[in-house]
Amino acid sequence: MADIKEIDSSTITPRELNKKIRLINNEYDKIVIKNPGAEHNLVAGIVGEGNIVIDGSAGYFAGTMLDKAKINGNAGWFVGDNMTSGEIIVEGSAGDGAGQGIYGGTLVVKKGVGSRTGEIMKGGTIIIGGDSGFMSGIFMMGGRMIILGNLGADAAESILRGEIFVLGEIESLGKNAITIDLTDEDKKCLKKLLTEYDFNLSDDNYNNFTKIVAESSRPLHGLE
Amino acid sequence: MCGIAGIVYKDGNLHNVGDDMTNMLHALQHRGPDSAGFALYGGLGLKEDEYILNIQLENTDKNLLRKVQDQINMISPIESDRLISTTENANLYQCKLKLDDFHMLKPLIQQVDNIDDSVVVINGEHSFSMIKDVGSVLDIADNYNTRSIKGTHAIGHTRFSTESGVDLYHAHPFQTYIIRDISLVHNGQITNYWKVRDPLERKGHVFETNNDTECLVHYIADKIDSGYNLEEALEQSVEDMDGPFSYIVSTPNGIGIAKDKLGLRPGVMAETDDIFAIASEEVSLGKVIDTSEVEQIYPGEVRVFEI
């Protein structure tokens, strides 16, 4: 039987909460934070293999540098900022800068997000179940982003490397971003990944994705 | 960084708006510790020609108070008045009077302002209560008994000062006397401030500060005075303003938010059958409304709810 620890965060500050989790993180299979109240920095800066459930909404920088977290509500700006491995799942929506600068792991937001999703991401995977706003993928340097809704203006602005898959409409592309056809391998990977996170699309849907990549990996130098 | 919030009760009836806005702003206290303010609409119950003046007096000299009262009585007899202590132990003199025309209000305010350097008119109001001061949200709410105020809708602000002074006068909300009972709270900077202000001054707008929020409220009032509705005025402002901003405007009929085209300042909203609420962060919305369906305000987006 899993050893689960519940912590009521309504009576302590996020700093006290994080300190407490840091001390007991390895003692339990799962830590459940009750009454998170959309506070900022919940479980931020806790590096390691913890399995943490935020039972409600979180504010800014939720789960920064953490390996495994589930948020049963919404998340504010910069959820999963700089994550390096593991997975963070947000059952609701998220604000601007979701997955900013991630190096690895998987960030899943079941509903829509704000602007600049995956800004300067260098690796890992971001899956957005709804729309993603303005300048998503700006300065993207690696990794993969999958948007099941619409993508806002100036998508993938100044992208250098990496790939974005979009099922909905793309308002406009940013500089150095182009669209190309998906390969059969792309479709197979998408299906495997999305099914794993309970996004059950019909087979037809996989033919409707658009793939965005960089036109040049050195656009600022004018050299190829 | 500042915090902004707005709430509208959709049935148009009086609710505990002072309590709700206090809780919303308290949740945003971390975004701005310098000052806080409220514009609480619908609960004053004044007759069409009645107004309230809020005047800060830097000392308790009875002669000074008498001078202020005499100046006001020359224009219109004071119907009732009271003295309130501000959080910095200055004195706020509040009086009720009648004016035949709303446009008499601004000249009256200027005359009172000119009495002495220690006399500053904070505002004149008709359909809303403006409460603003330096200090924390809870201290201000306690001092002015804000939680007891009822109303139909409200906006509020917690201020982190970046461009201008920390005092009662620079606290938000700001208002203007171009049209009646418009107020505005703002998080951000308007970087083409002078480009916006100059044409307004040439049209006769009088500015009291160099604060960009004052410029914004003049701009919106000017647009509405020119025939724009609130939504159109906010949409035009997104085109005309440069810089990072999100701001909320309130009129006697409702509230609206506008966000800059790059989305550099936050804004979220939630709506139920009973309430429409906007704030810088979800932590504020959660004090008054179910936040299971929070919507982002997207870059360049405008949202309005009018009763």
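Residue and element names in this part refer to chain A. Going through the model one piece at a time under the given rule, you end up with 22 salt bridges over all chains. Linking Lys211 and Glu163 is a salt bridge whose minimum nitrogen-to-oxygen distance equals 3.5 Å. Of the two residues, Lys211 is situated in strand E11 (residues 210-214) and Glu163 in strand E9 (residues 161-166); the sequence distance between them amounts to 48 residues. Of the residues examined, Glu163 reaches a relative accessible area of 23% and is grouped as partly exposed. Its salt-bridge partner being Lys191, residue Asp203 comes within 2.7 Å of it at the nearest N-O pair. On the criterion of sequence distance, the pair formed by Asp203 in the loop between helix H2 (184-196) and E11 and Lys191 in helix H2 is long-range, its members being twelve residues apart. According to the relative accessible area criterion, Lys191 is partly exposed, its value standing at 36%. Salt bridges sharing partners connect three or more residues here, namely Lys70, Glu91 and Lys110.

The subject of this paragraph is the environment of Ala156 of chain A. All names here are of chain A. Assignment of secondary structure puts Ala156 in the loop between strand E8 (141-147) and E9. By relative accessible area, Ala156 is classed as buried at 0%. If we ignore the near neighbours within four places in the chain, the residues touching Ala156 are Ser136, Gly137, Ile138, Ile164, Lys175, Ala177 and Ile212.

Residue and element names in this part refer to chain B. Taken N-terminus to C-terminus, the directions of helix H2 (residues 62-75) and helix H3 (residues 105-113) make an angle of 155 degrees; their axes are 10 Å apart at the nearest point. Between H2 and H3, the angle falls in the class roughly antiparallel. As H2 runs across H3, the sense of the crossing is right-handed. Every residue of H3 that contacts H2 at Val68, Gln71, Ile72 and Ile75 is listed here: Leu108, Gln111 and Val112. Partitioned by chemical class, the residues of the contact of H2 with H3 number five nonpolar, two polar and no charged.

Moving on to the side chain of Glu214 of chain B. Residue and element names in this part refer to chain B. Along the chain, Glu214 turns up in helix H6 (residues 212-225). At 5.2 Å, Arg197 is the nearest oppositely charged side chain to Glu214, a buried residue that forms no salt bridge. At a separation of 2.7 Å, a polar atom in the side chain of Glu214 contacts the side chain of Thr209. With near-sequence residues (within four places) excluded, Glu214 lies in contact with Phe174, Val206, Phe207, Glu208 and Thr209.

Right, let's get into a negative patch on the surface. Negative charge collects at one region of the surface, where Glu58, Asp61, Asp116 and Asp117 of chain B lie side by side. Residue position: Asp61 of chain B is located in the loop between strand E3 (50-57) and H2.

Quick look at the sheet that holds strand E9 (residues 174-175) of chain B now. Residue and element names in this part refer to chain B. Taken in spatial order, the five strands line up as E9-E10-E11-E12-E16 in an open sheet, and their pairing is antiparallel. The open sheet has two edge strands with one neighbour each: E9 and strand E16 (302-306). Sheet analysis places strand E10 (residues 183-188) next to strand E11 (residues 245-251), joined by six bridges and oriented antiparallel. Residue pairing for E11: His186 is matched across the bridge by Tyr247. Contacts between H6 and the sheet are confined to E9, E10 and E11, with E10 contributing the most and set at about 130 degrees to the helix.

So, on to the confidence of the model for chain B. Mean pLDDT over chain B: 93, with 98% of residues reaching 70 or higher. In the predicted assembly, ipTM is 0.73 and pTM is 0.86.

We now examine the sheet that holds strand E5 (residues 91-98) of chain B. Two orientations exist for strands paired in a sheet by backbone hydrogen bonds: parallel and antiparallel. Residues and elements named next belong to chain B. The sheet built from four strands is open, its strands ordered E4-E5-E3-E6 with antiparallel pairing. Among the strands making up the open sheet, the edge pair consists of strand E4 (78-85) and strand E6 (119-125). Across the sheet, the mean angle from the axis of one strand to that of its neighbour is 20 degrees, orientation sign disregarded. Summarising the sheet, E3 and E5 pair through eight bridges and their orientation is antiparallel. Directly across from Ile52, in E5, lies its bridge partner Lys96. Taken strand by strand, H3 contacts E3, E5 and E6, and its axis lies near 165 degrees from that of E6.

The amide bond that connects His172 of chain B to the next residue, Pro173 of chain B, takes the cis arrangement and shows omega of 0 degrees. Structurally, Pro173 of chain B can be placed in the loop between strand E8 (153-159) and E9. Positive phi is not limited to glycine here, since Asn35 of chain A has a value of about 50 degrees. By the secondary structure assignment, Asn35 of chain A is in the loop between strand E2 (30-34) and strand E3 (52-55).

Rules used in this analysis
Residues numbered from 1 in each chain as written. Chains lettered and ligands numbered in written order. Predicted model: local features only at pLDDT ≥ 70, side-chain atom pairs only at ≥ 80, totals over all residues. Heavy atoms only, no water. Salt bridge = Lys/Arg side-chain N within 4 Å of Asp/Glu carboxyl O. Helix = DSSP H or I, 4+ residues; strand = E, 2+ residues; numbered from the N terminus. Buried < 20%, exposed > 50% of the residue type's maximum accessible area, 1.4 Å probe, protein only. Contact = heavy atoms within 4.5 Å. Axes fitted to C-alpha atoms, helices over the stretch in contact; angles between N-to-C directions. Parallel < 35°, antiparallel > 145°, perpendicular 65-115°, else oblique. Left-handed = near helix turned anticlockwise from the far one by under 90°. Nonpolar A, V, L, I, M, F, W, Y, C, P; charged D, E, K, R; others polar. Lys, Arg positive; Asp, Glu negative; His and termini not counted. Polar contact = N/O pair within 3.5 Å; in protein donor to acceptor, adjacent residues only side chain to side chain. Patch = residues over 30% accessible without salt bridge, like charges linked within 9 Å, V, L, I, M, F, W, Y side chains within 5 Å. Areas by Shrake-Rupley, 256 points an atom, 1.4 Å probe, with all protein chains shown as cover. Charge placed at Lys NZ, Arg CZ, Asp CG, Glu CD. Pairing = 2+ DSSP bridges. pLDDT = per-residue confidence, 0-100.

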